[in-house]
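Topology and contacts: notes
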Amino acid sequence: MFDFLQKQGATQELAELVLELARAVEEISTTIIHTSTGKAGSTNVYGEEQIAMDVKADEILGRTLKTNPYVAAYCSEELDALEPASEGGIFSVFHDPLDGSSLFDVNFSVGTIVGIYQGSNVIGRTPREQVAALYAVYGPRTTLVLSVGNGVHEFLLTGEGWKLTHETMKLHGEKKYFAPGNLRATKDREDYFKLVSFYVKEQYTLRYSGGMVPDLNHILQKGSGIFLYPGMPGAPQGKLRLLYECGPMAYIMEQAGGASSDGERSILDVEIKELTQTTPIFIGVKEEVKRAEEALR
Ligand code: P6P
């Protein structure tokens, strides 16, 4: 993986950091097998109840980043403030350690999402400034999908380590899939109700698990589809986090020739105003994102 990353143009430091994150993903994937589905008895900064695996995944990634010489600071969906790491570190790292943890007890696929920036402060910047992003899918197989700014590539965790399984993945839009998140919003949003009705009438295939990582991985693997998580009255900025979920996933999807939007602009161009910021998101095949932007403007 290290040589491949350098071939993709990653600096030595970035390649080493991604390798460390891959090792943390491997540890999370092993820990998942041995961890109960029970609650941790705590809540995160969003007031969401944590499960034991949320806390363990956050600890594994925290331990990896805290001691990494290239990491200046990091933060996660489970933390409420930026954690300082190494003096002289050159990257800041933002992650959702266990995305979709509400699905853990029913044994659906869950994931880890990571976005990497140069420098230690991201406030006032945009996700377009990420230098790398990756996500892991903990499913029947553990896979790692990453970009260091030169296309999107997938690795499979095997008994002998990570094996490159897809190089330069691209969206082509040949099949019609839709992943309509926050369907409850159709109650108050006639525009979203009409768009979902369009997908149904046009016989799009529904692929929605409730986990952003497997749902977007489906779009990337099939090369087609649209994932939506719009806002609604009472939550106009939706629920998905810009730094920990939408920014890294938009970086990857746009590197694969797809598009993303908050309804007005690419997710990559949304200004980061605070660490806990959420955003509506439409992401996938360019033409479908444009349709959603027009329908939900
Ligand atoms: P809903 C999981 O909790 C998550 O953060 C994303 O992974 C997923 O896309 C979304 O929330 C699902 O939300 O409202 O359908 O449960």
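In what follows, the accompanying structure is described. (Residues numbered from 1 in each chain as written. Predicted model: local features only at pLDDT ≥ 70, side-chain atom pairs only at ≥ 80, totals over all residues. Heavy atoms only, no water.)

1. Structural notes on the overall build of the protein chain
Using the following cut-off: What counts as a helix is a DSSP run of H or I of at least four residues, what counts as a strand is a run of E of at least two, and both are numbered from the N terminus. We take the radius of gyration over the C-alpha atoms and set the globule estimate at 2.2 Å times the residue count to the 0.38 power. Here the term buried applies to any residue with accessible area under 20% of the maximum for its type, exposed to any over 50%, and partly exposed to those in between, with areas from a 1.4 Å probe on protein chains only. Any pair of residues with heavy atoms lying within 4.5 Å of one another is described as a contacting pair. Here the accessible surface of atoms and residues is derived via Shrake-Rupley with a 1.4 Å probe, and residues count as covered only by protein chains that are part of the display.
Check the secondary structure of the protein chain and you find 7 helices and 15 strands. Taken over C-alpha atoms, the radius of gyration comes to 18 Å for the protein chain, in line with the 19 Å a tight globule of 297 residues would show. When its C-alpha atoms are laid out on the principal axes, the protein chain stretches across 50 × 45 × 40 Å. Counting over 297 residues, the protein chain shows a buried share of 57%. When contacts within the protein chain are restricted to residue pairs at least 6 apart in sequence, those whose partners lie at least 24 apart make up 60%. Per element, the accessible surface of the protein chain, about 12,600 Å² overall, is 49% carbon and sulfur.

2. Observations concerning the site of the ligand
Which entries qualify depends on this criterion: For this description, a residue counts as near a given molecule or strand if any of its non-hydrogen atoms is within 4 Å of it. Identification of polar contacts relies on pairs of N or O atoms within 3.5 Å, with a donor-acceptor requirement for protein atoms, meaning one able to donate a hydrogen and the other able to accept it, and with residues adjacent in sequence counted only if both atoms are side-chain atoms. Residues are grouped as follows: Ala, Val, Leu, Ile, Met, Phe, Trp, Tyr, Cys and Pro are nonpolar; Asp, Glu, Lys and Arg are charged; every other residue, Gly included, is polar.
The full set of residues close to the ligand is Asp99, Gly100, Arg184, Tyr208, Gly210, Gly211, Met212, Phe227, Tyr229, Lys239, Leu240 and Glu245. In the environment of the ligand, an oxygen atom lies 2.6 Å from a nitrogen or oxygen atom belonging to the side chain of Asp99. At 3.1 Å from an oxygen atom of the ligand is found a side-chain nitrogen or oxygen belonging to Lys239. Burial of the ligand by the protein amounts to 83% of the accessible area it has alone, namely 400 Å². Residue composition of the shell around the ligand, by class: 5 nonpolar, 3 polar and 4 charged.

3. Overview of the pairing of strand 10 (residues 161-166)
Quick note on the threshold: Each pair of strands is called paired provided DSSP finds at least two bridges between the two strands.
Bridging between strand 9 (residues 153-158) and strand 10 involves 5 bridges; their strand directions are antiparallel. Among the inter-strand pairings, Thr158 is bridged to a residue of strand 10, identified as Gly161.

4. Let's talk about the sheet that holds strand 14 (residues 259-261)
This is how it is decided: For helices, the fitted line uses only the C-alpha atoms of the stretch in contact; every axis is such a line through C-alpha atoms, and the angle between N-to-C directions lies from 0 to 180 degrees.
Taken together, the 5 strands give an open sheet; going across it, the order is 12-11-13-15-14, and neighbouring strands pair in mixed fashion. One side of each edge strand has no neighbouring strand; the edge strands of this open sheet are strand 12 (205-206) and strand 14. Sheet analysis places strand 13 (residues 226-229) next to strand 15 (residues 281-284), joined by 4 bridges and oriented antiparallel. Bridged to Tyr229 within strand 15 is Ile281. Contacts from helix 6 (residues 242-255) reach strand 14 and strand 15, with the element oriented near 30 degrees to strand 15. Along the sheet, helix 7 (residues 286-296) makes contact with strand 13, strand 14 and strand 15, crossing strand 15 at roughly 160 degrees.

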